[in-house]
Amino acid sequence: MKKVLFLTGTRADFGKVKPLIQILEQEPGFEVFLFVTGMHMQYEYGLTLLEIERCNFSNIHTFQNQTKETTMDLSLAKTIEGLSQYATQIHPDLIVVHGDRIETLAGAIVGSLNNILVAHIEGGEISGTIDELLRHSVSKLCHIHFVANQEAGNRLIQMGEIEESIFEIGSPDIDVMASEKLPDIQTVKDYYEIEFGEYAILLFHPVTTEIEELQNQLDVLMDTLQESDKNFVVIYPNNDLGSSKIISQYNRILKPDHRFRIIPSLRFEYFLSLLKNCEFIIGNSSAGVREAPFYNIPAINLGSRQNNRSKNSEIINIDYSKKEILKAISSATKSVAFDASIEFGKGDSAVLFLNTLKSKQIWDLNHQKQFKEI
C-alpha cells in the first residue's frame, strides 16, 4: 500500500489535482491523503474547503497557514511547520504538489528534507514575476516531474533533471474541461445569481514584483471597464500580496454598478461552464492563456504575469493602457475562430498519472538527486 499525500492551497491548484486524486482513490494499492491549506481556509475567498469536503475524499487534513503579518515568507514557514508535523504522522511514500505557490514550495521542501519522494505537476513552464522563481525552485527540489508538454520537459532537462524522472501527461484540468458532465450555464447563473445574458469575465491577480505599480494598474483597469459597455463577472484574485487592495477597489468602484457581478470564488466545474459561455476573459490569470483557448474564447492578457506562458498567437497581450484595453475589448468580441489548443494535453492526464504511479520505475527513482550535464 503506497501512501500518496496531495497538497492544495488554492482553488486553481485543486482544479488541477482533483482528477488525479479521484482516480487514485479508486485504485487498490494506494491510500490517498489531502493537506488543505492557504486560500481554502479563508472566508474572504469563499472558504473553498467546503468544495473539497463535498468531494467526500477519504483523508482530509486542514491547516491554517496565514499569519497576522500576511507576508509570503512567514506563510511559507508556517506551512512547512504544519506539513512536516502531518507528514510525520502519516509517513507518506509520495508528496504531490502543483505549480508555483508558496504551499507548493513548502511541500517540496518537507519532502526532500525528509527523504520522501516529491512529484511536481506542471513544472518546467515559464511565466512572469516571482511565480517562475518558485516553480523552478520546486522543480529542483522534486524527484518526479509530471509535465504538460514536451517543451516543459525540455526545460527541466536544461535545468539538469534526468529524463527518466520526467513524464508528459498534459495539464490535468483538461480532463475536466473535456468532460460532458459540466453544469449547464443556466444552472451556474442561477447558483451565483448572475442576471446577465451576455458577459465577460474579469480575473486579475496582484503581481508581487510590481506591487508599487498596482494602484496605477487598478486605476486604469477600473476606469476602462466602467467606460466599456460590457457586463462582467468579476472573480476575486488569489491571496498574494496586494490582493486586499484589488478586492477593496472591486467593492468600492465596481460593486455599485449593476453591470458587475462580484464573486469571491467559484467551483472549478462551474467556472469552466462560465468561461465556456462568456464573450471573452480579461486580466492576468493563467485561465486566459490555458483554459480559454481550449474553448475558443478570446483572451485579453494584461501586463507581465503570464509572460511567455503560451505561444498562442490569438491571445491579445497588452499593457495597462485605457486606449489599448478598449481596442482589445472591441476586437475580442468579434467572431474569432481559434484552433482548440492541444498545447496542454488531450484530456487523459489522470490515466497517464495513474499508470505512471503503478509502474515500478517511479518508486525506484533515487532520492539522491544529481545534476545531469547536457
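This text gives an overview of the structure that appears in the document. Note that residues are indexed from 1 along each chain, following the sequence as it is written. For this predicted model, a pLDDT threshold of at least 70 governs which residues receive local features, and a threshold of 80 or more governs which side-chain atom pairs are given and counted, while totals over whole chains, interfaces and linings are taken from all residues. Side-chain metrics rest on all non-hydrogen atoms present in the structure, leaving aside hydrogens and water.

## A look at the sheet that holds strand S11 (residues 281-283)
Put simply, the rule reads: At least two DSSP bridges between two strands are required for those strands to pair. Helix numbers and strand numbers start at the N terminus; a helix is a DSSP run of H or I with at least 4 residues, a strand a run of E with at least 2. Between N-to-C directions, angles span 0 to 180 degrees; the directions come from axes that are lines fitted to C-alpha atoms, helices contributing only their stretch in contact. Whether two residues are in contact is decided by their heavy atoms: any pair within 4.5 Å suffices.
With respect to topology, 6 strands assemble into an open sheet ordered S10-S9-S8-S11-S12-S13, the strand pairing being parallel. Each edge of the sheet is formed by a strand with only one pairing partner; in this case those strands are strand S10 (260-263) and strand S13 (316-318). Neighbour-to-neighbour, the strand axes of the sheet open up by a mean angle of 20°, direction not taken into account. Pairing geometry for strand S8 (residues 200-203) and strand S9 (residues 232-235), over 4 bridges, is parallel. From the neighbouring strand, Leu202 faces S9, where its bridge partner is Val234. Lying on the sheet, helix H11 (residues 268-276) is in contact with S8, S9 and S11; it crosses S8 at an angle near 130°. Contacting S11, strand S12 (299-302) and S13, helix H14 (residues 322-332) crosses the sheet at an angle of about 175° to S13.

## Considerations on the side chain of Asn239
To keep things clear, this is the line we draw: Polar contacts, as used here, are pairs of N or O atoms within 3.5 Å; protein pairs need one atom able to donate a hydrogen and one able to accept it. Residues neighboring in sequence count only if both atoms are side-chain atoms.
Among the secondary structure elements, Asn239 is positioned in the loop between S9 and helix H10 (243-254). A distance of 3.0 Å separates a polar atom in the side chain of Asn239 from a polar atom in the side chain of Gln42. If we skip the residues at most four places from it in the chain, Asn239 touches Gly38, Met39, Gln42, Tyr45, Gln66 and Arg101.

## A word on the pairing of S8
Two faces make up the sheet, and in a regular strand the side chains alternate between them. Here is the rule: Residue exposure (1.4 Å probe, protein chains only): buried if accessible area is under 20% of the type maximum, exposed if over 50%, otherwise partly exposed. Orient the strands so they point away from the viewer; a crossover is then right-handed if the path from the first strand over the helix to the second runs clockwise.
With burial as the criterion, each face of S8 is covered, one bearing Ala200 and Leu202 and the other bearing Ile201 and Leu203. Regarding topology, helix H9 (residues 214-227) serves as the crossover connection from S8 to the parallel S9, and that connection is right-handed. Of the strand pairs in this sheet, S8 and S11 are connected by 3 bridges, and their pairing is parallel. Bridge assignment links Ile201 to a residue of S11, and that residue is Ile281.

## Digging into the environment of Pro183
Relative to the helices and strands, Pro183 is located in the loop between helix H7 (173-177) and helix H8 (185-192). Put simply, Pro183 and Ser273 are 90 residues apart on the chain and 6.5 Å apart in space, counted from C-alpha to C-alpha. Setting aside residues up to four positions removed in sequence, Pro183 forms contacts with Val188, Glu269, Tyr270 and Ser273.

## Some points on the packing of aromatic side chains
The following threshold applies: Ring pairs are drawn from Phe, Tyr and Trp, using the six-membered ring of Trp, whenever the two centres fall within 6.5 Å, and their geometry is named by plane angle: stacked under 30 degrees, edge-to-face over 60, tilted for the rest.
Per the stated rule, a full pass over the model turns up 14 aromatic pairs. Ring geometry for Phe35 against Tyr86: centres 5.9 Å apart, planes inclined by 35°, an arrangement best described as tilted. Within this pair, whereas Phe35 is found in strand S2 (residues 30-36), its partner Tyr86 is found in helix H3 (residues 72-90), the two being separated by 51 residues in sequence. There is no split in this pair, since Phe35 and Tyr86 are both buried. Aromatic pair Tyr191 and Tyr270: ring centres 5.4 Å apart, planes at 65°, arrangement edge-to-face. With a gap of 79 residues between them, Tyr191 in helix H8 and Tyr270 in helix H11 connect regions that are remote in the sequence. Taking relative accessible area as the criterion, Tyr191 reaches 41% and is therefore assigned partly exposed.

## Quick look at the packing of H9 against H10
Filter applied, for reference: Convention used here: angles under 35 degrees read as roughly parallel, angles over 145 as roughly antiparallel, angles from 65 to 115 as roughly perpendicular, and any remaining angle as oblique. We call a crossing left-handed when the near helix sits turned anticlockwise from the far one by less than a right angle, and right-handed when that turn is clockwise. For this classification, Asp, Glu, Lys and Arg are treated as charged, while Ala, Val, Leu, Ile, Met, Phe, Trp, Tyr, Cys and Pro are nonpolar and the rest, including Gly, are polar.
At a minimum axis separation of 11 Å, H9 and H10 run at an interaxial angle of 30°. Between H9 and H10, the crossing angle belongs to the class labelled roughly parallel. Here H9 and H10 pass one another in a crossing that is right-handed. Where H9 approaches H10, its residues Leu214, Gln215, Leu218, Asp219, Met222 and Gln226 are matched on the opposing element by Lys245, Ile246, Gln249, Tyr250, Ile253 and Leu254. Its residues placed into classes, the contact of H9 with H10 shows 7 nonpolar, 3 polar and 2 charged.

Geometric descriptors of this kind do not, in isolation, establish any biological role.
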